[in-house]
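Notes for the structure review
Here is how the chains run, residue by residue.
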Amino acid sequence: MVPVLEVLADLADGFSASSLFEAKLARQVGGSEKEVQFTSPTLRPQDAEELAGVAHRIAFNSLSQFDRFKGVFAGRLGMGLRVDPGVSFIPDERYNPCRAGSKLGAALADVQTLLKAQPREARKLEGILFHNNCESEDFQHLRQTAQAVVSALGPWLKDLAWINLGGGYLFDEETDFTPLTETIALFRQATPARLFFEPGKGIVGPSMALVASVVDLIEKGSRQVAVLDTSVNHLPEVFEYQTHPPVRGELPEGGHRYQLVGATCLAGDLFGEYGFPEPLTVGSRIFFEEVGAYSFVKAHYFNGVNLPAVYAAAPGGGAQLKKQYSYEEFVSRCGGLIHANC
Ligand SMILES: Cc1ncc(COP(=O)(O)O)c(C=O)c1O
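Residues numbered from 1 in each chain as written. Predicted model: local features only at pLDDT ≥ 70, side-chain atom pairs only at ≥ 80, totals over all residues. Heavy atoms only, no water.

The subject of this paragraph is the environment of Ser 222. Its location among the elements puts Ser 222 in the loop between β9 (209–220) and β10 (223–228). Along the sequence, Ser 222 and Ile 338 sit 116 residues apart, while their C-alpha atoms lie 45 Å from each other. (Helix = DSSP H or I, 4+ residues; strand = E, 2+ residues; numbered from the N terminus.)

This next bit is on the sheet that holds strand β12 (residues 270–276). Strands sit in the order β12-β11-β10-β9-β13 across an open sheet of 5 strands; the sheet is mixed. One side of each edge strand has no neighbouring strand; the edge strands of this open sheet are β12 and β13 (285–289). Ignoring which end each strand starts from, the neighbouring axes of this sheet average 40° apart. Pairing of strand β11 (residues 256–261) with β12, which is carried by 6 bridges, proceeds in the antiparallel orientation. (Pairing = 2+ DSSP bridges. Axes fitted to C-alpha atoms, helices over the stretch in contact; angles between N-to-C directions.)

The next subject is the packing of aromatic side chains. A complete count under the given rule lists 18 aromatic pairs for this structure. Aromatic pair Phe 60 and Phe 66: ring centres 5.7 Å apart, planes at 45°, arrangement tilted. Assessed through its relative accessible area of 0%, Phe 60 is described here as buried. The class of Phe 66 is buried, set by a relative accessible area of 2%. Ring geometry for Tyr 95 against Tyr 241: centres 4.7 Å apart, planes inclined by 40°, an arrangement best described as tilted. Of this pair, Tyr 95 sits in the loop between β4 (78–84) and β5 (106–107) while Tyr 241 sits in helix α10 (residues 237–241), and the two are 146 residues apart along the sequence. For Tyr 95, a relative accessible area of 26% puts it in the partly exposed group. One aromatic cluster is present, formed by Phe 139, Tyr 169, Phe 171, Phe 177 and Phe 197 through successive ring pairs. Across the ring face of Phe 66, the terminal group of Lys 70 is positioned such that the distance to the ring centre comes to 5.5 Å. Seen from the ring of Tyr 325, Lys 323 lies directly overhead, with NZ or CZ sitting 5.1 Å from the centre. (Phe/Tyr/Trp six-rings, centres within 6.5 Å; stacked < 30°, edge-to-face > 60°. Buried < 20%, exposed > 50% of the residue type's maximum accessible area, 1.4 Å probe, protein only. Lys NZ or Arg CZ within 6 Å of the ring centre and 35° of its normal.)

Attention now goes to the site of the ligand. If you check the shell around the ligand, you find Thr 39, Arg 82, His 131, Gly 167, Gly 168, Glu 198, Pro 199, Gly 200, Lys 201 and Tyr 294 and nothing else. A distance of 2.8 Å is found between an oxygen atom of the ligand and a backbone nitrogen or oxygen belonging to Gly 168. Lys 201 places a polar main-chain atom, nitrogen or oxygen, 2.7 Å from an oxygen atom of the ligand. Summarising the interface, the protein chains cover 79% of the accessible area of the ligand, which totals 400 Å² for the free molecule. Residues of the shell around the ligand, tallied by class, amount to 2 nonpolar, 5 polar and 3 charged. (Near = heavy atom within 4 Å. Polar contact = N/O pair within 3.5 Å; in protein donor to acceptor, adjacent residues only side chain to side chain. Areas by Shrake-Rupley, 256 points an atom, 1.4 Å probe, with all protein chains shown as cover. Nonpolar A, V, L, I, M, F, W, Y, C, P; charged D, E, K, R; others polar.)

The phi dihedral of Glu 135 is positive, around 50°, even though this residue is not glycine. Positionally, Glu 135 belongs in the loop between β6 (127–129) and α7 (140–157). When its relative accessible area of 42% is taken as the criterion, Glu 135 is described as partly exposed. Although it is not a glycine, Ala 293 adopts a positive phi angle of roughly 65°. Mapped onto the elements, Ala 293 comes out in the loop between β13 and β14 (310–313).

Another aspect to go through is the domain arrangement of the chain. Structurally, the chain comprises domain 1 (2–204) and domain 2 (208–330). Averaged C-alpha coordinates put domain 1 and domain 2 at centres separated by 34 Å. Between domain 1 and domain 2, the residue contacts involve 6 residues of the former and 10 residues of the latter. Both sides together, the interface formed by domain 1 and domain 2 hides about 720 Å², and carbon and sulfur atoms give 60% of it. (Domains from an automatic or database assignment. Contact = heavy atoms within 4.5 Å. Buried area = accessible area lost by both parts, 1.4 Å probe.)

What follows covers the pairing of β11. Sheet topology note: the β10/β11 ladder contains 3 bridges and is parallel. Paired with Val 225 across the two strands is Gln 259, which belongs to β11.

With that settled, the discussion passes to the side chain of Ser 231. When you line up the elements, Ser 231 lands in the loop between β10 and α10. Owing to a relative accessible area of 1%, Ser 231 belongs among the buried residues under this scheme. Side chain to side chain, Ser 231 and Asp 269 meet in a polar contact 3.2 Å long. Not counting chain neighbours up to four residues away, the residues in contact with Ser 231 comprise Gly 262, Ala 263, Thr 264, Asp 269 and Phe 271.

In structure tokens, the structure reads:
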């Protein structure tokens, strides 16, 4: 979300983008001083010129993408390659960038073949990116991945200008950072290349909350149901991936238990069961926390329920309204125009 990016722009060296729009937004928020790094399985010829104007470097997602676009970007962007290290830690294949037949990155064996068969082509690449984890709190995974990359590409790495270690790690107080420093030491022995880290959810996840109000309370059999003025369509991961976002002040066990349900006609529009120290009433506020990153960014208008307004926490407390969505925006999102009599 833009207010979060604006805060991060003061703290980070740059932003990573996965689409032309993200790259343009990163440039808009970060200005010319912040580096914009691009990688995506989709690169369309009609987007390439505009991308060259806003990004600083690109990690091609495949060798064929490199082959088709190197002529457009050579001398304008730093060109690198996303590699698939073939090391997996994620049991849920939907999140696994190294799943069998993954679309994400060139296999290390194919990079080795390029280095042997076409060394002049390989010299056009000045960096590599790998990203193979998701919500991991174990930096041993990163070290294991680095070992696989160093052992496959070792001699080549010393010629590179940068190595992007991707994201996929969460940071909390318990996290042991030793394997992270060991990873950096491992690369330092192999290469003077600049090292980047581009965590997403670890940084942005805790930055947002979805604030809803209870609009009705229903007793159904033995169940208490609290209807909210938001919907899982505002946090699509709840429905798509059965996530259970933490709610401020909730009691994991016991308390007054409610099924928190969304505002739409979809029967499965449910946030799940939550416990509270006091009974809820119509008007009670519910704060779904840690919904930055991949949650609200996917919010949509299913059933015509308006998107939540965006507020930024004000420095001295309170909140500043940043964006409220209008009926006109809903109609235009549906491909329509507003008629004068509406
Ligand atoms: C190439 C790349 N880098 C970084 C990230 C950020 O990952 P996360 O939000 O899990 O830290 C992603 C997420 O998909 C990614 O594809």
